[in-house]
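# Geometric and topological summary
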Amino acid sequence: MGSIVLFGPPGAGKGTQAQRIMDQTGLPQVSTGDMLRAAVKSGTPVGKEAKGYMERGELVPDQVILALIRDRIQEPDAANGVMFDGFPRTVPQAVALSEMTDISHVLAIDVPDGRIVERICGRATCGNCGTVYHDTFNPVPASGCPCGDYQEKRRADDNEGTVLNRLEAYHQQTSPLAAWYDERGVFHRVDGDRAIDEITTDLLAVLN
Ligand code: ADP
Ligand code: ADP
């Protein structure tokens, strides 16, 4: 197996499924969104350049993202492939990626637009362990986060205004990648408008 791409609109459940698939495949999750948020937080040049785009819900320029990815996949834990989450998001990113590494599976999580705002606006993450929760659909257990130290984190861009821009960016710039990967015979679509466990089962079936 080569690297995997988790594909879908914002809020489709890519991060949620990546955490579960990682347990099964051992491939490390590479989330460009997480990498960019860390860069913004620590005030690096990449972070300074990316911040405005992220706040507006626009895509960060390809060359910024590709420089991050080039460095990341040279790290030792990426030697047997990785699971990309939120990357690639444009055809030029996919073309550049194809020159860096083999993609064996693109797993598309299909969620209708009408579900996206409620998914994103209820999202919370444990700042200690990274587990993704939802106020209604996947709440923190009454006994607390299994890591034992739940620290609620909400993203600044998880608000209704920005979500609509992010969704538009997805339809205009990212969704053409579905056909691009389909032509290369690696594209698999699963229905993401179901229980989290059912989706995980389907995704693992594609990989096995
Ligand atoms: P993405 O990484 O694609 O942006 P996330 O994994 O962060 O998406 O999920 C977005 C929100 O939707 C989170 O609050 C998550 O708990 C919730 N969620 C994920 N999968 C499902 C699902 N199958 N049904 C309902 N809510 C879900
Ligand atoms: P979500 O899955 O909820 O849309 P991400 O965490 O993947 O959120 O991305 C957050 C923001 O970071 C995006 O709105 C965009 O500004 C930027 N970003 C992340 N990955 C990429 C990428 N591959 N190309 C361009 N911009 C990106």
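Along every chain, residues carry numbers that run from 1 in the direction the sequence is written. The order in which chains are written sets their letters, starting at A; the order in which ligands are written sets their numbers, starting at 1. With the structure being a predicted model, the display of local features is reserved for residues of pLDDT at least 70 and the display and counting of side-chain atom pairs for 80 or more, all residues being used for whole-chain, interface and lining totals. To get the side-chain values, take all heavy atoms of the structure and skip hydrogens and water.

For helices the rule is a DSSP run of H or I covering at least 4 residues; for strands it is a run of E covering at least 2, with both sets numbered from the N terminus onward. Per the secondary structure count, the chain includes 9 helices and 8 strands. The globule rule used here is 2.2 Å times the number of residues to the 0.38 power, and the radius of gyration it is set against is calculated over C-alpha atoms. Taking 2.2 N^0.38 as the reference for a compact globule, 208 residues should give roughly 17 Å; the C-alpha atoms of the chain span a radius of gyration of 16 Å, in line with that estimate. Considered along the principal axes of its C-alpha atoms, the chain spans approximately 45 × 40 × 35 Å. Residue contacts follow a heavy-atom distance rule, with two residues in contact if any of their heavy atoms lie within 4.5 Å. Sequence separation of 24 or more characterises 72% of the internal contacts of the chain that already satisfy a separation of 6 or more. Counting only carbon and sulfur atoms, one obtains 48% of the accessible surface of the chain, whose full area is about 10,400 Å². Exposure was quantified through the Shrake-Rupley algorithm and a 1.4 Å probe, taking into account, for residues, occlusion by the shown protein chains and nothing else.

In this structure, Phe 7, Ile 69, Phe 84, Val 106 and Tyr 181 are the most contacted members of the largest nonpolar core, which totals 30 residues. When residues of this core are traced back to their parent elements, those giving at least two are strand E1 (3–7), helix H3 (45–56), helix H4 (62–72), helix H5 (91–98), strand E4 (103–110) and helix H8 (176–183). Looking at this core, the element that brings in the most residues is H4, giving 5 residues. Those residues within four positions of Val 106 in sequence are excluded, and the remaining contacts are Val 5, Phe 7, Tyr 181, Val 186, Phe 187 and His 188. Here, nonpolar core refers to any group of buried Ala, Val, Leu, Ile, Met, Phe, Trp, Tyr and Cys residues whose side-chain atoms link them within 4.5 Å. For every residue, the accessible area obtained with a 1.4 Å probe (protein chains only) is divided by the maximum for its type, and the residue is called buried under 20%, exposed over 50%, and partly exposed between those limits. Grouped together as the second largest cluster of nonpolar side chains are 19 residues, Leu 6, Leu 27, Leu 203 and Leu 204 included.

Once that is clear, we can look at helix H6 (residues 113–121). Taken together, the buried positions of H6 are occupied by Ile 116, Arg 119 and Ile 120. Viewed along the axis of H6, the buried residues span an arc of 85 degrees, placing them on a single side of the element. Contact partners of the buried residues in H6: strand E5 (123–126), strand E6 (132–134) and helix H7 (160–174). The arc refers to the directions leading from the helix axis to the C-beta atoms.

A word on the site of ligand 2. Any residue with a non-hydrogen atom lying within 4 Å of a molecule or strand is treated as near it. In the region of ligand 2, 19 residues are neighbours, and Thr 32, Arg 37, Glu 58, Arg 89 and Arg 166 sit closest. The side chain of Arg 37 places a nitrogen or oxygen atom 2.9 Å from an oxygen atom of ligand 2. By the criterion applied in these results, polar contacts are pairs of N or O atoms within 3.5 Å in which, for protein atoms, one can donate a hydrogen and the other can accept it, and in which residues neighboring in sequence qualify only through two side-chain atoms. Here a nitrogen atom of ligand 2 sits 3.0 Å away from a polar atom, N or O, in the main chain of Gly 86. Its free accessible area being 550 Å², ligand 2 has 97% of it covered by the protein chains. At 4 residues, the largest contribution of residues to the shell around ligand 2 is made by helix H2 (residues 32–42).

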